[in-house]
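These are the residues of each chain, in order.
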Amino acid sequence: MNQGCLKDWQRTTARAVETIYSKHFGMVQSLIINNNGSSDDARDIFQEAMIVLYEKANSGNFELHCQLKTYLYSVCRRLWLKRLNQSHRFVLEMNGVEETVPVEEDIEGHEKRNGEFQLMEKALASLGEPCKSLLEAFYIQKKNMNEIAGSFGYTNPENAKNQKYKCLMRLRKLFFTEYKINTV
Amino acid sequence: MDRIQLLDAVERFLRDEMSPDEKYAFEHLRKTNPEVDQIVVEHTVFLNELDKLGQIKNFKATLHDVHNDLSEKGIIKPEVPKAVIRHLWKRHKRVMGVAASIAGITTLIVASMVNYYSRQSQHRPTTAVEQKI
């Protein structure tokens, strides 16, 4: 995916997100507020549920056997209960008015992937500069080597590319070290 | 082929940037050299992880922007828990009751005093000075 495609994808995604957000955020906010939470908690939980939905949609076998509203509500409810348990806050009975569907498998998958992403982010942060920004510019922002060479001050794209690969090898080493520490 | 050249070849192969001859030579190298094949597989997995991280970071930025945009437009608004208002009322209703009673009594006293003194001034005989004026 090049930068032009990335911007088109981001625009299409933003429109879809806006529609889902306007229709369903209020319902989730009410659930959280009426169960020992704040508006900030509601924002965090709703956005995490949207990521669960996004990952499910990108998994290649996306099938929803209920309304989108029901799915989002079920995920938010489960995520909020987990968060309350972790911070030793409790509600006697979760007050909610919507029906729910089982979402435990999707949430477990999301938590596992989230763990891996956090390892990668930690490894990226450990690289320092210019490696962190260089790798993010190429692999995340999808900029091309000419643009990167210009903005980072390299004399030509070939030098920038060589530096990129040196940084990438350091990142691989850091990532696999962190991965082994966390999975042992 | 050194490590950097190999990683570059893997990335160009995955992005379909190789010429047909180059692609053929690379696939032949993979079939005849297990170590190269292993590096290709590992690097492909690693690049997929990096790519997915990028997608999630970009998606999170979109969520953040949409939330701020909808808040500014008033389409989503922060909610105050009804339970907090009820809780505050329950906790302070005695104090509020006492305060209201004091305010009520004070108002009655002041009103009575105003009424009394205004009547007093109506019945009082006028002085010589006041008569001259």
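See the structure shown above.
The rules behind these values
Residues numbered from 1 in each chain as written. Chains lettered and ligands numbered in written order. Predicted model: local features only at pLDDT ≥ 70, side-chain atom pairs only at ≥ 80, totals over all residues. Heavy atoms only, no water. Salt bridge = Lys/Arg side-chain N within 4 Å of Asp/Glu carboxyl O. Helix = DSSP H or I, 4+ residues; strand = E, 2+ residues; numbered from the N terminus. Buried < 20%, exposed > 50% of the residue type's maximum accessible area, 1.4 Å probe, protein only. Phe/Tyr/Trp six-rings, centres within 6.5 Å; stacked < 30°, edge-to-face > 60°. Contact = heavy atoms within 4.5 Å. Buried area = accessible area lost by both parts, 1.4 Å probe. Polar contact = N/O pair within 3.5 Å; in protein donor to acceptor, adjacent residues only side chain to side chain. Nonpolar A, V, L, I, M, F, W, Y, C, P; charged D, E, K, R; others polar.

Attention now moves to the pattern of salt bridges. Residue and element names in this part refer to chain A. Applying the stated rule across the entire model yields 24 salt bridges over all chains. Put simply, arginine 43 and aspartate 40 hold a salt bridge, and the shortest N to O gap is 3.7 Å. A residue pair is termed a helical-turn pair when its members lie 3 or 4 positions apart in one helix, as arginine 43 and aspartate 40 do in helix H2 (residues 39-57) at three residues. Taking the relative accessible area as the measure of exposure, aspartate 40 reaches 47% and is therefore partly exposed. Taken together, the salt bridges that share partners define one network made up of Asp40, Arg43, Asp44, Glu48 and Arg83.

As enumerated under the stated definition, the model contains ten aromatic pairs over all chains in all. Ring geometry for Phe138(A) versus Tyr139(A): centroids 4.9 Å apart, planes at 80 degrees, classification edge-to-face. Taken as a pair, Phe138(A) and Tyr139(A) share a single burial class, namely buried. Ring centres 5.2 Å apart and planes at 75 degrees place the aromatic pair Tyr116(B) and Tyr117(B) in the edge-to-face group.

Across the contact, 37 residues belong to chain B and 43 residues belong to chain A. Counting each side, the surface lost to burial between chain B and chain A is near 3,800 Å², with a carbon and sulfur contribution of 68%. Counting the surface chain B buries against chain A, the share from its top three residues, Phe46(B), Phe59(B) and Glu79(B), is 17%. The partner of Glu42(B) in a salt bridge is Arg172(A), and the shortest N-O contact between them spans 3.3 Å. On the surface where chain B and chain A come into contact, there are 15 residue pairs in polar contact (both at pLDDT 80 or more). Residue classes in the side of chain B that touches chain A are distributed as 16 nonpolar, seven polar and 14 charged.

Residues and elements named next belong to chain A. A large share of helix H5 (residues 131-140) lies buried, amounting to eight of its ten residues. Along H5, the residues classified as buried are Cys131, Leu134, Leu135, Glu136, Ala137, Phe138, Tyr139 and Ile140. The positive-phi residue at the C-terminal boundary of H5 is lysine 142, with phi of around 60 degrees.

So, on to the environment of Glu55(A). Relative to the helices and strands, Glu55(A) resides in helix H2. Here the alpha-carbon distance between Glu55(A) and Glu178(A), two residues 123 residues apart in the chain, equals 24 Å. Leave out the neighbours within four places in its chain, and Glu55(A) touches His110(A), Arg113(A), Phe117(A) and Ile56(B).

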